[in-house]
Amino acid sequence: MNPNKALWEKGDFTRIATGMRSSGEALVGSLGIRSDMKVLDLGCGDGTTAIPAAKLGADVLGVDIASNLVAAGNRRAREQGLTNILFQEGDASDLSDLEDKTFDLVVSVFGAMFAPRPFDVAKEMVRVTRPGGRIFMGNWIPNDPTLVAQVLKISSAYSPPPPEGFVSPMRWGIEADVTERFEAAGIAADRISFDRDSFRFEFPDPPSKVVDAFRLYYGPTMNAFEAAAAAGRNADLQGELEDLFERQNASPSKSTTVIEATFLRVTVSVPAA
Ligand SMILES: C[S@@+](CC[C@H](N)C(=O)[O-])C[C@H]1O[C@@H](n2cnc3c(N)ncnc32)[C@H](O)[C@@H]1O
């Protein structure tokens, strides 16, 4: 079994994604999507950004490695009566069933960053974008003090060491790495721009319950809890995460959770032919 696929099929990311909808929609609103566009959303999950893009009228293809999330995305699209969107299984580092120069906009929000072989990911994103089109990525930033970078940092501290040759997904949050990857895919550095933005997580539950959701449903945290349990350190991990979520909670009520997380916006303008 492909470990990358196994990681994301292990849990149920829809349980986390429910807390990401409003920021997903706002982010999509900032991308200049029009109804005459073809949009590819890579690592789309159950459609936090793909569904708002379809609601703007674009023709949207969502690609994700996890079959359970693809099914959840198609279900959500059906429930919302959207006929201009399709979710299908695929790997961001090998999009061989997609043709060259197809999409006006390739979006990947906290998605393709988790695929192996980042140089192949950049090459594939460039290959399927039409000349004059754009690529947009939202990537978490290593060592950033806000939520997701810290969840991943704490989780990896409890997890077994990664296999030899593993490239951390967080390197997609380092501008020099991103530039090197897109340059290797034939894009000049002056066509790549960076910005910082903030993504809001909102849950109708207190922080400790949100940590429970990460423990039960978020692949990277599930793996960390398994390793922690084997080492008798389950309570330490739960405690560290609860402390993090409590500290970052900006909700005026103790019974709900609202946390902002900083991310890197990457925009690549693919040259016109
Ligand atoms: C943190 S979730 C983000 C999902 C979605 N973009 C969102 O914002 O809600 C990461 C997603 O990337 C997907 N993913 C991980 N590796 C992938 C790969 N190699 N190819 C395609 N999708 C991948 C996972 O299955 C998961 O849905």
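Procedures and definitions
Residues numbered from 1 in each chain as written. Predicted model: local features only at pLDDT ≥ 70, side-chain atom pairs only at ≥ 80, totals over all residues. Heavy atoms only, no water. Core = buried A, V, L, I, M, F, W, Y, C linked by side-chain atoms within 4.5 Å. Buried < 20%, exposed > 50% of the residue type's maximum accessible area, 1.4 Å probe, protein only. Helix = DSSP H or I, 4+ residues; strand = E, 2+ residues; numbered from the N terminus. Contact = heavy atoms within 4.5 Å. Pairing = 2+ DSSP bridges. Axes fitted to C-alpha atoms, helices over the stretch in contact; angles between N-to-C directions. Salt bridge = Lys/Arg side-chain N within 4 Å of Asp/Glu carboxyl O. Lys, Arg positive; Asp, Glu negative; His and termini not counted. Near = heavy atom within 4 Å. Polar contact = N/O pair within 3.5 Å; in protein donor to acceptor, adjacent residues only side chain to side chain. Areas by Shrake-Rupley, 256 points an atom, 1.4 Å probe, with all protein chains shown as cover. Nonpolar A, V, L, I, M, F, W, Y, C, P; charged D, E, K, R; others polar. Parallel < 35°, antiparallel > 145°, perpendicular 65-115°, else oblique.

Membership of the largest hydrophobic core comes to 88 residues, with the highest contact counts inside it found for L40, W140 and F182. At 7 residues, helix 7 (residues 147-158) tops the list of elements feeding residues into this core. Among all residues touching L40, those that are not within four sequence positions of it are L61, V63, L95, L98, F103, L105, V106, V107 and V128.

A few words now on the sheet that holds strand 3 (residues 85-89). If you trace the 7 strands from one edge of the open sheet to the other, you get 3-2-1-4-5-7-6, paired in mixed fashion. Strand pairing shows two members of the sheet lacking a second neighbour, strand 3 and strand 6 (192-203), which therefore form its edges. Pairs of neighbouring strands in the sheet enclose a mean axial angle of 20 degrees, with direction left out of account. Where strand 1 (residues 38-42) meets strand 4 (residues 103-109), 3 bridges bridge the pair, whose relative direction is parallel. Paired with D41 across the strands is V107, a residue of strand 4. Strand contacts of helix 8 (residues 175-184): strand 5 (129-140), strand 6 and strand 7 (257-269), with the helix running at about 120 degrees to strand 6, the strand carrying the most contacts.

Taken as a whole and assessed by the stated rule, the structure comprises 17 salt bridges. Between R215 and D212 there is a salt bridge; the shortest N-O distance is 2.9 Å. Here D212 and R215 lie together in helix 9 (residues 207-217), a separation of 3 residues that amounts to about one turn. Assessed through its relative accessible area of 28%, R215 is described here as partly exposed. Residue R233 is joined to D236 by a salt bridge in which the shortest nitrogen-to-oxygen separation is 3.7 Å. You can call R233 partly exposed: its relative accessible area is 36%. Look at D236 and you get partly exposed, because its relative accessible area is 41%. When salt bridges with common partners are traced through the structure, they connect K5, E9 and E89 into a single cluster.

As for its placement among the helices and strands, D144 is situated in the loop between strand 5 and helix 7. One buried charged residue, D144, forms no salt bridge at all, with the nearest opposite charge on R196 at 4.6 Å. Discounting residues that sit within four places of it in the chain, D144 has contacts with A149, Q150 and T262.

This brings us to the site of the ligand. Every one of the 21 residues lining the ligand counts as a neighbour, but N4, G43, D64, A92 and V109 are closest to it. In this structure, a nitrogen atom belonging to the ligand sits 2.8 Å away from a side-chain N or O atom of N4. In the model, a nitrogen atom of the ligand is placed 2.8 Å from a nitrogen or oxygen of the V109 main chain. For the ligand, whose unbound accessible area comes to 600 Å², protein coverage reaches 99%. Residue composition of the shell around the ligand, by class: 13 nonpolar, 6 polar and 2 charged.

In contact at an axis separation of 8 Å, helix 1 (residues 3-10) and helix 5 (residues 67-79) are set at 50 degrees when each is read in the N-to-C sense. Classified by the angle between their axes, helix 1 and helix 5 sit oblique to one another. Residue-level contacts link K5, W8 and E9 of helix 1 to S67, N68 and L69 of helix 5. Split by residue class, the contact of helix 1 with helix 5 holds 2 nonpolar, 2 polar and 2 charged.

So, about the environment of T146. Here T146 shows up in the loop between strand 5 and helix 7. Note: C-alpha distance between T146 and S198 (52 residues apart in sequence) is 9.6 Å. Excluding anything up to four places from it in sequence, T146 contacts Q248, E260, A261 and T262. Of the polar contacts made by the side chain of T146, one reaches the backbone nitrogen of T262; its length is 2.9 Å.

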